[in-house]
Amino acid sequence: MADRTTRAAHEGDGIRTFPFPVDLSVSGVGMQVGPMGAGRVWHADAPLDRVHRIDFHVVMVFHEGPVRHMIDFAEYEAAAGDVLWIRPGQVHRFSRTDEYRGTVLTMQPGFLPRATVEATGLYRYDLPPLLHPDPDRLAALEHSLAQLEREYVDTTTLPLSLHTSVLRHTLTAFLFRLAHLAVSSAQAGREQTDTTFSRFRDAVEKSFATNHSVSAYADTLGYSRRTLVRAVRAATGQTPKGFIDKRVTLEAKRLLAHTDLPIGRVGAAVGFPDSANFSKFFHQHTDTTPAAFRAELR
């Protein structure tokens, strides 16, 4: 499943990953929902204002702004009424100076069944993390989130097994609204059911560190190269090779910026045993060398 492969792909890269804090959840269920604010954390020693990963979903609905938040080397500025969706494995950092006010939802991978995960696009990394709902959609999202929060804190009217089931159903309703907003924002409604692209995307996420070959992915997935090209281009506007290279480049940037691994080891970690080939690839896709990129950020 996507959550397992995401974690596996990042093991040993030096960027700390924090797990879902089950001990902080009401009744130990696989989700949390409540107000954002000073002092609220999802892990006792998570350095929120330093770069880190989490292995769970975070959805923040802002009541005030602006708030600046970094996700995978892109800075996003959220205003009141905006929604920020961070997915497992993404490198991110909270602002050191801005105040976060609103409601935050966190969800553990595996809390929802696979069919719901697929239907709600929980691992659509191609969709934008920052969403700007119109007033009607925002009101519907906030109403749905408020209902989820009421169910979350109500631990007395149902036994735990039924309480958890109600939470899953209520959470699913909220996520359908959120997913529809995300897809609409990207003008990519037809991509939601594109099984060819979603299988390719998941395969790349699992194997990009060792496999850069479009033909190899096509053979593994049982598609012709032409079918794969058509599906990836329709979903992203890129070629399959461009999609793979973009993912490899992102991971290389992460490792160069946030670890002290030698450049040769960074290259090996993303599939380039020869450091000269890695430097050539990185320069081709970033117009700078790995050493210069690292030096610029430090």
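A brief structural summary. Think of each chain on its own: its residues are numbered from 1, step by step along the sequence as written. For a predicted model such as this one, the threshold for reporting local features is a pLDDT of at least 70, and the threshold for listing and counting side-chain atom pairs is 80 or more; totals across whole chains, interfaces and linings nevertheless cover every residue. Just so you know, side-chain values use all the structure's heavy atoms and leave hydrogens and water out.

This part is about the sheet that holds strand β7 (residues 83–86). One open sheet holds the five strands; their spatial order is β2-β9-β4-β7-β10, and the pairing between them is antiparallel. Looking at which strands have only one partner, the edges of the open sheet turn out to be β2 (31–36) and β10 (130–131). In this analysis, strands are considered paired if DSSP registers two or more bridges between them. Secondary structure is summarised from DSSP: a helix means a run of H or I of at least four residues, a strand means a run of E of at least two, and numbering begins at the N terminus for each. Sheet topology places strand β4 (residues 57–62) next to strand β9 (residues 102–107); six bridges connect them, and they run antiparallel. When the sheet's bridge partners are listed, F62 is paired in β9 with G102. Taken strand by strand, helix α3 (residues 135–153) contacts β2, β4, β7 and β9, and its axis lies near 115° from that of β2. Whether two residues are in contact is decided by their heavy atoms: any pair within 4.5 Å suffices. Here, axes are lines fitted to C-alpha atoms. For helices the fit covers the stretch in contact, and angles between N-to-C directions go from 0 to 180 degrees.

Further remarks concern the pattern of salt bridges. Here, a salt bridge means any Lys or Arg side-chain nitrogen found within 4 Å of an Asp or Glu carboxyl oxygen. Enumeration according to the criterion identifies 13 salt bridges in this entry. We note a salt bridge from D126 to R124, for which the minimum N-O separation is 3.0 Å. In this structure, D245 engages K241 in a salt bridge whose closest nitrogen and oxygen atoms are separated by 3.3 Å. Here the residue D245 and the residue K241 both occupy positions in helix α8 (residues 240–258), the gap between them amounting to four residues, near one helical turn. Salt bridges sharing partners connect three or more residues here, namely R53, D72, E205, R247, E251 and R254.

Bringing the sheet that holds strand β8 (residues 92–93) into the picture now. The three strands are arranged β6-β5-β8 in an open sheet whose pairing can be described as antiparallel. Across the chains shown, the open sheet's two edge strands, defined by having one partner strand only, are β6 (74–78) and β8. By the bridge criterion, five bridges tie strand β5 (residues 67–71) to β6 in an arrangement that is antiparallel. Bridge pairing in β6 places I71 opposite A74.

Here the focus is helix α5 (residues 195–207). A helix's residues, less one, multiplied by 1.5 Å, set its expected span. In a regular helix each residue adds 1.5 Å, so 13 residues correspond to 18 Å; α5 covers 18 Å between its end C-alpha atoms and thus fits that length. Those residues of α5 that fall on the buried side of the exposure criterion are T196, F197, S198, F200, R201, A203, V204 and E205. Buried means the residue's accessible area, taken with a 1.4 Å probe over protein chains only, is under 20% of the maximum for its type, while exposed means over 50%, and partly exposed covers the values in between.

This paragraph deals with the pairing of β5. By the criterion of burial, β5 is predominantly enclosed, with four of the five residues buried. If you look at the hairpin formed by β5 and β6, you'll find two residues sitting between the two strands, and D72 has a positive phi there, around 50°. By the bridge criterion, two bridges tie β5 to β8 in an arrangement that is antiparallel. Directly across from I71, in β8, lies its bridge partner H92.

We call a set of buried Ala, Val, Leu, Ile, Met, Phe, Trp, Tyr and Cys residues a nonpolar core when their side-chain atoms join them within 4.5 Å. One finds M31, L105, L171 and L178 to be the most contacted residues of the largest nonpolar core, which totals 29 residues. Broken down by secondary-structure element, the contributors of at least two residues to this core are β2, β4, β7, β9, α3 and α4 (160–185). Considering each element in turn, this core owes the most residues, eight residues, to α4. Setting aside residues up to four positions removed in sequence, L171 forms contacts with M31, L105, M107, F111, L112 and L148.

For T195, the location among the structural elements is in helix α5. The partly exposed category is assigned to T195, whose relative accessible area is 48%. In the structure, T195 is positioned 36 residues away from A231 in sequence and 8.9 Å away in space, judged by C-alpha atoms.

Quick look at the packing of aromatic side chains now. Note on aromatic contacts: the rings of Phe and Tyr and the six-membered ring of Trp form a pair at centre separations within 6.5 Å, being stacked when their planes are under 30 degrees apart, edge-to-face when over 60 apart, and tilted otherwise. One pass over the full model with this rule turns up 11 aromatic pairs. Pairing F200 with F243 gives two aromatic rings, centres 5.5 Å apart and planes at 50°, and the pair type is tilted. Taken together, the positions of F200 in helix α5 and F243 in helix α8 put the pair 43 residues apart, joining distant regions of the chain. Per residue, the accessibility class of F200 equals that of F243, and both read buried. Here F282 and F293 contribute two aromatic rings whose centre-to-centre distance is 5.6 Å and whose plane-to-plane angle is 70°, an arrangement assigned as edge-to-face. In this pair, F282 is assigned in helix α10 (residues 275–286) and F293 in helix α11 (residues 290–296), connecting sequence segments 11 residues apart. Look at F293 and you get buried, because its relative accessible area is 12%. Grouped by ring-pair contacts, the aromatic residues F272, F278, F281, F282 and F293 constitute a single cluster. Charge-over-ring placement is defined geometrically: NZ (Lys) or CZ (Arg) within 6 Å of the ring centre, and within 35 degrees of the ring normal. One Lys or Arg, R87, reaches over the ring of W85 and ends 3.8 Å from the middle of that ring. The ring of F111 carries the charged tip of R168 above its face, separated from the ring centre by 4.8 Å.

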